[in-house]
Amino acid sequence: DVKVTQSSRYLVKRTGEKVFLECVQDMDHENMFWYRQDPGLGLRLIYFSYDVKMKEKGDIPEGYSVSREKKERFSLILESASTNQTSMYLCATLGRAFGGYTFGSGTRLTVV
Amino acid sequence: QKEVEQNSGPLSVPEGAIASLNCTYSDRGSQSFFWYRQYSGKSPELIMSIYSNGDKEDGRFTAQLNKASQYVSLLIRDSQPSDSATYLCAVNGRGRSGGSNYKLTFGKGTLLTVNP
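Residues numbered from 1 in each chain as written. Chains lettered and ligands numbered in written order. Predicted model: local features only at pLDDT ≥ 70, side-chain atom pairs only at ≥ 80, totals over all residues. Heavy atoms only, no water.

Caption draft 1: Representation of the overall build of chain A in the model. Scanning chain A from N- to C-terminus turns up zero helices and eleven strands. For chain A, the α and β elements follow one another from N to C terminus as β-β-β-β-β-β-β-β-β-β-β. Relative to the compact-globule value of 13 Å for 112 residues, chain A shows a C-alpha radius of gyration of 13 Å, a close match. Overall size of chain A, expressed as C-alpha extent along the three principal axes, is 40 × 25 × 25 Å. By residue count, 50% of the 112 residues in chain A fall in the buried class. At a minimum sequence separation of 6, the contacts of chain A that also span at least 24 residues come to 54%. Across chain A, the centroid of the 16 positively charged side chains sits 5 Å from that of the 14 negatively charged ones. (Helix = DSSP H or I, 4+ residues; strand = E, 2+ residues; numbered from the N terminus. Rg over C-alpha atoms; globule rule 2.2 N^0.38 Å. Buried < 20%, exposed > 50% of the residue type's maximum accessible area, 1.4 Å probe, protein only. Contact = heavy atoms within 4.5 Å. Lys, Arg positive; Asp, Glu negative; His and termini not counted. Charge placed at Lys NZ, Arg CZ, Asp CG, Glu CD.)

See the structure below:
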């Protein structure tokens, strides 16, 4: 089974801090995604990557950036955390056989 | 803007009944359709995928797709309290070159409660 590991389950950061959320997968999947999930708004795509060093903006990229230096790792960066970035962040991967995403366990980020 | 709409619920059914969850989508070029189950505080888990018109059965779950009506549904037979969760419908679209677009658009989910 694909394993998608997000480095932190819960995280509390201060406004203005630079925040790194890490996602690592162990199945050589090309495609990786970062979503945030908020009550009433559902899952919204922030950024995704089709390959190493490739990235594309999703629906809500403002205030975020990403890094994919190695195939197995996809990092989400909050350049200057704000309270409206308090959310559940979910990483997902997808292999060549398009059978749907596999999600990591999520990081619940609180910005105070 | 591609949209995926689900009844927000909550949907409440007695144990042993059939739960019916519905989803409509706006992009007529959508090619792949998925149902995810999400328990409270957990991440979504893939339970069904369907790619062609008709029914697909897997145990107590049946996914139904009607591309002409842009409608996909999930039936859960013999509902159990352990089925209580939020169910997310997800749809992918057609990329610029006509192939699959790997991005999924999710509905906001339907909360299902199965009462013992």
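Caption draft 2: Seen up close, the interface of chain B and chain A. Residue-level contacts link 17 residues of chain B with 23 residues of chain A. Together, B:Tyr102, B:Lys103 and B:Phe106 form the three largest contributors to the area buried by chain B at its contact with chain A, with a combined 36%. At the junction of chain B and chain A, the tally comes to zero salt bridges. The tally of links from chain B across to chain A stands at seven residue pairs in polar contact (both at pLDDT 80 or more). Contributing elements (two or more residues each) for the side of chain B that touches chain A: strand 4 (32–38), strand 9 (85–94) and strand 10 (100–106) of chain B. Considering only residue class, the side of chain B that touches chain A consists of nine nonpolar, five polar and three charged. (Buried area = accessible area lost by both parts, 1.4 Å probe. Salt bridge = Lys/Arg side-chain N within 4 Å of Asp/Glu carboxyl O. Polar contact = N/O pair within 3.5 Å; in protein donor to acceptor, adjacent residues only side chain to side chain. Nonpolar A, V, L, I, M, F, W, Y, C, P; charged D, E, K, R; others polar.)

Caption draft 3: View of the packing of aromatic side chains. Counted by the stated rule, this structure contains 14 aromatic pairs over all chains. Where A:Phe48 meets A:Tyr50, the ring centres are 5.2 Å apart and the plane angle is 65 degrees; that geometry is what we call edge-to-face. A ring pair is formed by B:Phe34 and B:Tyr51, whose centres lie 6.0 Å apart and whose planes are at 85 degrees; its orientation type is edge-to-face. Of this pair, B:Phe34 sits in strand 4 while B:Tyr51 sits in the loop between strand 5 (45–50) and strand 6 (54–58), and the two are 17 residues apart along the sequence. One aromatic cluster is present, built from ring pairs that chain together A:Phe33, A:Tyr35, A:Phe48, A:Tyr50, A:Tyr101, A:Phe103, B:Tyr36 and B:Phe106. Stacked on the ring of A:Tyr10, the Lys or Arg A:Arg9 has its end atom at 5.6 Å from the ring centre. Cation over ring: B:Arg60 sits above B:Phe61, and NZ or CZ is 5.6 Å from the ring centre. (Phe/Tyr/Trp six-rings, centres within 6.5 Å; stacked < 30°, edge-to-face > 60°. Lys NZ or Arg CZ within 6 Å of the ring centre and 35° of its normal.)

Caption draft 4: Layout of unusual backbone geometry. Phi angles above zero are rare outside glycine, and A:Lys53 is one such case at about 65 degrees. Note on placement: A:Lys53 falls in the loop between strand 5 (42–49) and strand 6 (56–57). Backbone geometry places B:Gln70, a non-glycine residue, at a positive phi of 55 degrees. Its place among the elements puts B:Gln70 in the loop between strand 7 (61–66) and strand 8 (71–76).

Caption draft 5: Here's a closer look at the side chain of B:Ser30. Positionally, B:Ser30 belongs in the loop between strand 3 (19–25) and strand 4. Accessibility expressed as a relative area gives 5% for B:Ser30, which makes it buried.

Caption draft 6: The arrangement of the sheet that holds strand 3 (residues 19–25) of chain A in detail. Residue and element names in this part refer to chain A. Strand order in the open sheet formed by four strands is 1-3-8-7, and the pairing between neighbours is antiparallel. One side of each edge strand has no neighbouring strand; the edge strands of this open sheet are strand 1 (4–6) and strand 7 (64–70). Taking each pair of neighbouring strands and ignoring which way they run, the sheet shows an average axis angle of 20 degrees. (Pairing = 2+ DSSP bridges. Axes fitted to C-alpha atoms, helices over the stretch in contact; angles between N-to-C directions.)

Caption draft 7: Representation of the nonpolar core within the structure. By size, the foremost hydrophobic cluster in this structure holds 23 residues, and its most contacted members are B:Trp35, B:Val72, B:Leu74, B:Ile76 and B:Tyr87. Contributions of two or more residues to this core are made by strand 3, strand 4, strand 5, strand 7, strand 8, strand 9 and strand 11 (110–115) of chain B. Counting residues in hydrophobic clusters, the runner-up holds 20 residues, among them A:Tyr89, A:Cys91, A:Leu109 and A:Val111. (Core = buried A, V, L, I, M, F, W, Y, C linked by side-chain atoms within 4.5 Å.)

Caption draft 8: The pairing of strand 8 of chain B, seen in detail. Residue and element names in this part refer to chain B. The sheet contact formed by strand 3 and strand 8 spans six bridges and is antiparallel. Its bridge partner being in strand 8, Thr24 is matched across the sheet by Tyr71. Of the strand pairs in this sheet, strand 7 and strand 8 are connected by six bridges, and their pairing is antiparallel. Considered in strand 8, the bridge of Ala63 is made with Leu74. Here strand 7 folds back onto strand 8 in antiparallel fashion, the turn holding four residues, of which Gln70 has a positive phi close to 55 degrees.

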